[in-house]
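Spelled out, the chains give:
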Amino acid sequence: MNLLFMGPPGSGKGTQSKLLCDRYSIVHLSTGDMFREAITNKTEVGMRAKSYMDKGELVPDQVVIDLIRAKVTSLSGKGFILDGFPRTVPQAIALEDLLSGLGLKLDGVFFFDVQKEILVNRLSARRTCRKCNQVVSADDVSKAKCAVNSDGCDFYQRDDDKPEVIAKRIQVYQDQTSPMIEYYKSNPNFLKIDGTQPADQVFQVILNKIS
Ligand code: ADP
């Protein structure tokens, strides 16, 4: 099962990806997580990506496309969820080429629809665990359980979840990513989901569709 999750920053793609990967044995491919890991490891790709991410801009298409190509090719047929890629029309075209070259297709294309005002509130309150990458609202930090470390999570606020960068990211989404949504609307497996519902309800909608 190969799925594509798209939607604005803060629309719940990462949360739903984690729930679904726990349920099925599929791989979560989040380009944002990959770049943050590359930054932590101070790799060349990480250093290049950081300058764009800190400003809320998109990393150049070719850098992201090369990264995803290497990852998808290395999965040797294991199912995946793409979260945060593609984000532009050229990336969507590159993905189509990549998948057709590997004899793969997308079994579900889910668009998480959430209004701008809600996104700003969610992103401002969002905290991310350095160890397991889970995201929670600031109010829920004490309740969270870490998926990879028995000492618990280590939450922080991402630099790009600060107010001045949030506004830029939403603008970039509107300008560069929303035209790509049109590209996928004709896909027979496209489904628009109301991403303002509680996470468990969104999860149920996804499960119903894929079953
Ligand atoms: P969110 O979904 O909350 O916006 P991500 O973790 O997916 O955050 O992405 C964080 C940042 O990483 C983006 O603002 C962008 O700079 C970079 N990035 C991630 N995916 C892509 C992509 N497909 N194309 C270009 N830049 C990307």
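The rules behind each value
Residues numbered from 1 in each chain as written. Predicted model: local features only at pLDDT ≥ 70, side-chain atom pairs only at ≥ 80, totals over all residues. Heavy atoms only, no water. Salt bridge = Lys/Arg side-chain N within 4 Å of Asp/Glu carboxyl O. Helix = DSSP H or I, 4+ residues; strand = E, 2+ residues; numbered from the N terminus. Buried < 20%, exposed > 50% of the residue type's maximum accessible area, 1.4 Å probe, protein only. Pairing = 2+ DSSP bridges. Contact = heavy atoms within 4.5 Å. Axes fitted to C-alpha atoms, helices over the stretch in contact; angles between N-to-C directions. Core = buried A, V, L, I, M, F, W, Y, C linked by side-chain atoms within 4.5 Å. 1 Å grid on protein atoms, 1.4 Å probe; cavity = no way out; pocket = protein on both sides within 12 Å on 5 of 7 lines; lining within 4 Å. Points joined across faces, edges and corners; volume = space filled by probe spheres on them. Expected span 1.5 Å × (residues − 1). Arc of directions from axis to C-beta. Phe/Tyr/Trp six-rings, centres within 6.5 Å; stacked < 30°, edge-to-face > 60°.

A word on the pattern of salt bridges
- Counted by the stated rule, this structure contains 15 salt bridges.
- D33 serves as the salt-bridge partner of R36, at 2.9 Å between the closest nitrogen and oxygen. A residue pair is termed a helical-turn pair when its members lie 3 or 4 positions apart in one helix, as R36 and D33 do in helix α2 (residues 31-40) at 3 residues.
- Of the residues examined, R36 reaches a relative accessible area of 17% and is grouped as buried.

Description of the sheet that holds strand β5 (residues 126-129)
- Strand order in the open sheet formed by 3 strands is β6-β5-β7, and the pairing between neighbours is antiparallel. Every other strand in the sheet has two partners, leaving β6 (135-137) and β7 (155-156) as the edge strands with one partner each.
- Taken together, the 3 bridges between β5 and β6 define a ladder with antiparallel strand orientation. Paired with R126 across the strands is S137, a residue of β6.
- Strand contacts of helix α6 (residues 116-125): β5 and β6, with the helix running at about 45° to β5, the strand carrying the most contacts.

Here we look at the nonpolar core
- With 30 residues, the main nonpolar core has M6, L82, L95 and Y184 as its most contacted residues.
- Elements represented by at least two residues in this core include exactly β1 (2-6), α2, α3 (44-53), α4 (61-74), β3 (80-83), α5 (89-102), β4 (108-113) and α7 (163-185).
- Residues L3, C21, I193 and F203 belong to the second largest nonpolar core, which totals 13 residues.

Some details on empty space enclosed by the protein
- In the structure shown here, the tally under the stated rule is 1 cavity of 30 Å³ or more.
- In this structure, the largest cavity spans a volume of roughly 30 Å³.
- Lining the largest cavity are I65, I68, R69, F85, A94, L95 and L98.

A short note on helix α8 (residues 199-210)
- Over its 12 residues, α8 extends 17 Å from the first C-alpha to the last, a length consistent with the 16 Å expected when each residue adds 1.5 Å.
- Buried within α8 are the following residues: V202, F203, I206 and L207. Down the axis, α8 shows its buried residues gathered within 140° of arc, on one side only.
- Of the surrounding secondary structure, the elements contacted by the buried residues of α8 are β1, α1 (13-23), β4 and β8 (190-194).

Considering the packing of aromatic side chains
- Scanning all chains against the criterion turns up 4 aromatic pairs.
- Here F5 and F112 contribute two aromatic rings whose centre-to-centre distance is 5.2 Å and whose plane-to-plane angle is 65°, an arrangement assigned as edge-to-face. Taken together, the residues F5 in strand β1 and F112 in strand β4 connect sequence positions 107 residues apart.
- Residue class for F5 comes out buried when judged on its relative accessible area of 1%.
- The exposure class assigned to F112 is buried, which follows from its relative accessible area of 0%.
- A ring pair is formed by Y183 and Y184, whose centres lie 5.2 Å apart and whose planes are at 75°; its orientation type is edge-to-face.
- Owing to a relative accessible area of 27%, Y183 belongs among the partly exposed residues under this scheme.

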